[in-house]
Structure formats: C-alpha cells, structure tokens
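This is what each chain is made of:
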Amino acid sequence: MESLSFKKLNVLFSMTMVLILISVLALFSWRVHSQIQQFDEYQNQMMQKQAEVASSEVEELIASIRNCMIAISLDDFFLKNFQQFRNVDELQQELQIRLKHYFPEMYAFSIADEHGDIMGGDIDLFLGDICRADLISAADKLKQKHPAHDYRPWIHPKEEAYHFDMMFPTYALGETVVFLMSFKAELLQDAINRKAFIEHDIYLLREDEPGLIEVAQNGVRNVLERDIHLTEDELSAIVIKQAVNNTRWEVAIVPKAKIRETFVRNSFFDALSMFLGFLFFWVALFVFGLYEEHRKERFMKHLHHLSSHDALTNLANRRLLYQAFDHSRSRRRERGDYSGLLYMDLNQFKHVNDEYGHEMGDELLKLVSQRLLSCSREGDVVARVGGDEFVVLINGIGKTEAEAEKHLLETEQRCAERLGVDYLIQNISFSVPPSIGSVVLTSSEDSIDSLLKQADEKMYRMKQRTKAASV
C-alpha cells in the first residue's frame, strides 16, 4: 500500500511538472507572438509618421518655391528697366541673376506670354513638348482666373537631367506672363531623405500612374538600378500612402520583409534560449524531485523493513509474524487450509556466546537463519523471536489435519537435519542442534500466543529428552 502511494505521488509529481512545463512553453509562445504583434504595430506607426513627415517635407519644398514666385509677382523692381539691356543675352543673364536670388536651387527658367509662347529664358531652345504643353495649360488657367497655385508639378524625364517644373501664371507690368522654372529631381530625393528615421523603403510615386517611381531614397528614376515600376508584391506590401498636396505625387512606404524576418528570428531564438535554459533548470529540478521521491520511498521502505524484521538476521520479527499469522487464520476461514508452527531454539548456543563472545554468536545466528530460509518455502515466514529462538510459520500444508500433521513433521525433520550439521566460522567448528516444537493451526479462532505456547512446551519436552539421552 505504501509503495502504491509513492507511485501515485510520483505520477502526480510528474504530471504536475509536465503541466507546468507546457504552461511555460505556452507562455513563451504567447510572449513571442505578443512581441511580434507589438513590433508590427510600432513599425506601422513609424511608417505612418514617416510618410507624413516625408510628404510634409516635399510640400514645404514646393510651397517655398511658390512663395518665392508670389514674391516675384509683387516685386515691381523685378521686371523694370529691361529696356536698358542692349541684347537678349544681357537680358537673360540679368533675369538669371535676379531669379537665382529667389531660387538658389533653380536649374533653368523660361518666361512665356498668355499664349504659352516663350518670351525669354535659358531653356527655350531645349524646352520639350511636355513643358510647352504645361506652359500653354498654365497660361490658359491664367486667362480663366484660376488660382496661382493650381499647377501640380511632376517630374519630366530628360537625358541626364530628370527635373520637375514649377509654373506660376501672373500679371506683371500690365503683361500676362507665366514663369517656368526647372529644378533637378534630386531636390525631392533630399526632401524625402532629410528626416528619414526608418529602415524601410520610401518612394515618391506618381499619383495618377500607380506604381511609377519618381524618386526613391537611393536616387531619381533615371539612376535606379531596378525597374521604375513597383512589382505586384511591392504594391501589395505598401503599408501606407500619403498624398503630397498640390502635386501629382504620393509618398509610399514599402516595408522590408527582411527587417521583420530578422526580428521574428531573433525573438524566436531569444525565447528558445530562455526556454532551453528554463527547460534545463526544470529537468534538473524534475530529476532532483524524482530522486528525492525515490529516496523517500526507499527510506520509508527501509523503515518499514526495520519495523518488521530482525536487525541481525534480517528474518521476520515478532510483529511481522503476528501479521502473517492473522493472514493464515483468514485463509483458514476462506479456503480451509491448515497451517503450522515450528518453534525452536539452539542447544549449546549459550556456551558459544560465553566462550567465543557475542560477535561469534551473532555470526552463528546469521548462518542458522540462512539454513532456515533454505529449508522453507517461498510462502513460509521465518522469524527470530528471541536470542536463539526461531519460529517458522508454514502456510497451506494440507486440507485435512492428518495431511497437515504429516507435512509439518516432514518440515520439522528437514529443519532439524539441516540445522544439526556443524558450522564452520573462522576455522572453528560449532555444533548447535535445534530443539523443535511443532503445532498445527486447526481452528481459525486459535491465537498465535496460545499456539506459540503449545509449540514452546513441545520444544521444552524435546530438549529435556535430548538432555536425558545424552546423560
């Protein structure tokens, strides 16, 4: 029963440890999932903010150019005294000087009339059809009294000089004119990079041509070492788009999958390292716990064994003998089996103790115990109940009293013969033949004390006969 109880405790302990381990594994899994979710939310917030900042930078760039154009229209000095210049070259040079004062980053300029015809500038000979069409459109809007900021810039492709134009239709000195100034597209690249704080890809795309790259962080469209259109995967991966007001552009953020993959991998390995460390500790604790449980179980078994066995011979003691006798009486009631008792002590044992000492006597008792066990069956109980007194409880020796008497007598003779053989200890021969008394358990109501008394009396009579015969 105690062994079964310890097994239940071991199973309960093991199940508890496994459940805790599973709970910790689930906790680590939840932690990784939570970290990835927080990372995604943080990245989305940063990309949203980055798109707003980049869009604002481009808007400020465009607004600053428009504000300077408005300043020109309000500056009476700007278009005065052109008559003093002797030729067109001097006029264009003066215009460029005055415009550079307002627009330090200007790449080239032109001035057109209300019909879009070039009145002056340094790019009139190289003005493309697209720019001319925009000029005519801007002049037309002037005639229709559209606001001065209605023109929405976009990048014009030109070999080795991708640029964007800014046009401003206004009245100056009674004339209807359109200012056209070209700026290198690298200004836009600088604008989106000026306050970049994320590692993801930032693109300035054409709003009216989805996926067409105008400017990227690493260059303008004409120098990109990639296709100028975003791929289908990149388009589907765009997290945020932010329109740039008063332009044909929008800022798009395309997250780099490698950043997330790196974070996920690092989070997983960090959690795995922590879990393995915890697992190592938990396994060590588990093994230690099992060891402690087994140690306690062995200790309790040892205590139980000590409480039911003789310390010197390891035979059953009186307590275990009584328990075994109760079991024999139960068998007698249930099955009708007979049991018997052999009660014996060793003749001449006191002489051995007195002459050779107790240590020699103890060694002799151990040898006697071994011989008793060898002449008993597995189901019998061999007990030491005194100094040199032994009891053998023999179970299941017959269904009738006569059969039981016969079997008990045979066992008595076998024990007497085996114990009557001399013992050799430290090259000294000892003879301690036993005196044996036997009794059969005939009734389930018999007590062990009464049977032991009967067996002891028979043993005493046998001892007296042996003494008389030796005289």
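Worth saying up front: this structure is predicted, and the values here are computed from it rather than measured.

What about unusual backbone geometry?
Even without being a glycine, Asn314 presents a positive backbone phi close to 65 degrees. When you line up the elements, Asn314 lands in the loop between α6 (257-308) and α7 (318-335). By relative accessible area, Asn314 is classed as partly exposed at 46%. Positive phi outside glycine occurs at Asn427, with the angle close to 65 degrees. Following the sequence through the fold, Asn427 ends up in the loop between β14 (423-425) and β15 (428-430).

Remarks on the environment of Phe275
Tracing the sequence through the fold places Phe275 in helix α6. Phe275 gets classed as buried once you look at its relative accessible area, which sits at 13%. Between the alpha carbons of Phe275 and Val24 there is a distance of 8.0 Å; along the sequence they are 251 residues apart.

Some remarks on the sheet that holds strand β16 (residues 434-441)
Read from one edge to the other, the open sheet built from 4 strands follows the order β12-β13-β11-β16, with strand pairing classed as antiparallel. Of all the strands in the sheet, the pair left with one neighbour each is β12 (381-384) and β16. On average, each strand axis in the sheet is inclined to that of its neighbour by 15 degrees, with strand direction left out of account. Helix α10 (residues 401-420) rests against β11 (339-346), β13 (389-394) and β16 of the sheet, and its axis sits at about 160 degrees to β16.

Re the confidence of the model for the chain
Per-residue confidence for the chain gives a mean pLDDT of 83; residues scoring 70 or more make up 87%. Averaged pLDDT values over the elements of the chain bottom out at 67 in strand β2 (residues 118-121) and peak at 95 in strand β10 (residues 249-254).

Some details on a nonpolar patch on the surface
There is a patch of nonpolar side chains on the surface, built from Phe268, Phe269, Leu272 and Leu276 and spanning about 360 Å² of accessible area. Here Leu272 lies in helix α6.

Some remarks on the pairing of β10
Within β10, 6 of the 6 residues are buried, which leaves the element mostly enclosed by the surrounding structure. Along β10, one buried face is formed by Trp249, Val251 and Ile253 and the opposite face, lined by Glu250, Ala252 and Val254, is buried too. Direction of pairing for strand β6 (residues 201-206) relative to β10: antiparallel, over a ladder of 6 bridges. Across the sheet, the residue bridging to Asp201 is Val254, located in β10. Strand direction decides the pairing type here: strand β9 (residues 240-243) and β10, joined by 4 bridges, are antiparallel. Paired with Lys241 across the strands is Ala252, a residue of β10. Connecting β9 to the next strand, β10, in antiparallel fashion are 5 residues, including Asn246 with a positive phi near 65 degrees.

Section: the packing of helix α8 (residues 349-356) against helix α9 (residues 358-374)
Where α8 contacts α9, the axes come no closer than 7 Å and their chain directions differ by 140 degrees. Judged on the interaxial angle alone, α9 and α8 are oblique. Facing α8, whose interface residues are Phe349, Val352, Asn353 and Tyr356, α9 presents His358, Met360, Gly361, Leu364 and Leu365. When grouped by side-chain class, the residues that make up the contact of α8 with α9 number 6 nonpolar, 3 polar and no charged.

Points about the sheet that holds β6
Pairing is antiparallel across the open sheet formed by 5 strands, whose spatial order is β8-β7-β6-β10-β9. The sheet is open, and its two edges are formed by β8 (219-220) and β9, each paired on a single side. Along the sheet face, helix α4 (residues 186-194) touches β6, β7 (213-216), β8 and β10 and points at about 55 degrees away from the line of β7.

About the thresholds
- Residues numbered from 1 in each chain as written.
- Predicted model: local features only at pLDDT ≥ 70, side-chain atom pairs only at ≥ 80, totals over all residues.
- Heavy atoms only, no water.
- Helix = DSSP H or I, 4+ residues; strand = E, 2+ residues; numbered from the N terminus.
- Buried < 20%, exposed > 50% of the residue type's maximum accessible area, 1.4 Å probe, protein only.
- Pairing = 2+ DSSP bridges.
- Axes fitted to C-alpha atoms, helices over the stretch in contact; angles between N-to-C directions.
- Contact = heavy atoms within 4.5 Å.
- pLDDT = per-residue confidence, 0-100.
- Patch = residues over 30% accessible without salt bridge, like charges linked within 9 Å, V, L, I, M, F, W, Y side chains within 5 Å.
- Areas by Shrake-Rupley, 256 points an atom, 1.4 Å probe, with all protein chains shown as cover.
- Salt bridge = Lys/Arg side-chain N within 4 Å of Asp/Glu carboxyl O.
- Parallel < 35°, antiparallel > 145°, perpendicular 65-115°, else oblique.
- Nonpolar A, V, L, I, M, F, W, Y, C, P; charged D, E, K, R; others polar.

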